[in-house]
Amino acid sequence: MLVSHVLEDGTLHLRLLRELDVTSRAAAALEIEAIVSAYRPGRVLLEFPTPSPSPASYSALARARRMCASLGIALTVSGPGSVPLQAPGSVPPAMTA
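Residues numbered from 1 in each chain as written. Predicted model: local features only at pLDDT ≥ 70, side-chain atom pairs only at ≥ 80, totals over all residues. Heavy atoms only, no water.

Describe the overall build of the protein, listing the residues and the values that go with them.
Across its full length, the protein holds two helices and four strands. Along the protein, helices and strands appear, N-terminal first, in the series β-β-α-β-α-β. Sequence-distant contacts, at least 24 apart, represent 73% of the contacts inside the protein between residues at least 6 apart. (Helix = DSSP H or I, 4+ residues; strand = E, 2+ residues; numbered from the N terminus. Contact = heavy atoms within 4.5 Å.)

A description of the confidence of the model for the protein should follow, citing residues and the corresponding values.
Counting all residues, the mean pLDDT for the protein is 87, and 82% of those residues have values of 70 or more. Here residues 92–97 is a poorly scored stretch, pLDDT under 50, and it has two contacts once near neighbours within four places are set aside; other chains count. (pLDDT = per-residue confidence, 0-100.)

So what about unusual backbone geometry? Which residues, and what values?
The phi torsion at aspartate 9 lies on the positive side, around 55°, for a residue other than glycine. Its location among the elements puts aspartate 9 in the loop between strand 1 (3–8) and strand 2 (11–16). In this structure aspartate 9 comes out as exposed when scored by relative accessible area, which is 78%. (Buried < 20%, exposed > 50% of the residue type's maximum accessible area, 1.4 Å probe, protein only.)

Just give me the short version of the packing of aromatic side chains, but keep the residues and values in it.
Pairs of aromatic rings are described using the distance from one ring centre to the other and the angle between the two planes. On inspection of all chains with the given rule, the structure shows one aromatic pair. Measuring from centroid to centroid gives 5.6 Å for phenylalanine 48 and tyrosine 58, while their planes differ by 65°, and the two rings are edge-to-face. In this pair, phenylalanine 48 sits in the loop between strand 3 (43–47) and helix 2 (55–71) while tyrosine 58 sits in helix 2, placing the two residues ten residues apart along the sequence. (Phe/Tyr/Trp six-rings, centres within 6.5 Å; stacked < 30°, edge-to-face > 60°.)

Go over the sheet that holds strand 3 with me, naming the residues and quoting the values.
A sheet is described by the order of its strands in space; here four strands give the open sequence 1-2-3-4, paired in mixed fashion. For this open sheet the edge positions go to strand 1 and strand 4 (74–78), each flanked by a neighbour on one side alone. Within the sheet, the average angular offset between the axes of one strand and its neighbour, ignoring direction, is 20°. Where strand 3 and strand 4 come together, five bridges link them in parallel fashion. Bridge pairing links arginine 43 to alanine 74 in strand 4. Those strands touched by helix 2 are strand 2, strand 3 and strand 4, and its axis lies near 160° from that of strand 4. (Pairing = 2+ DSSP bridges. Axes fitted to C-alpha atoms, helices over the stretch in contact; angles between N-to-C directions.)

Okay, structure coming up:
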């Protein structure tokens, strides 16, 4: 598995679990497409695993962007750690200063 996901308030949060390379790019893009097709969310948020994504990660993003655009789904991209993923029904961790 290359992608984790959780659906929360109509937004599908996807996270690449590791940086992609040429051998994993197509598999990750297919995983993303399958998850988005299954949920048909109003919005998708894709989180990269590192601050400097690889060309293969950008390629998977390009495929996800084209698919989301064709389905009329808004797509947002973020960097690592910006959106904590949690299991549905779990209690979010306390914020500390």
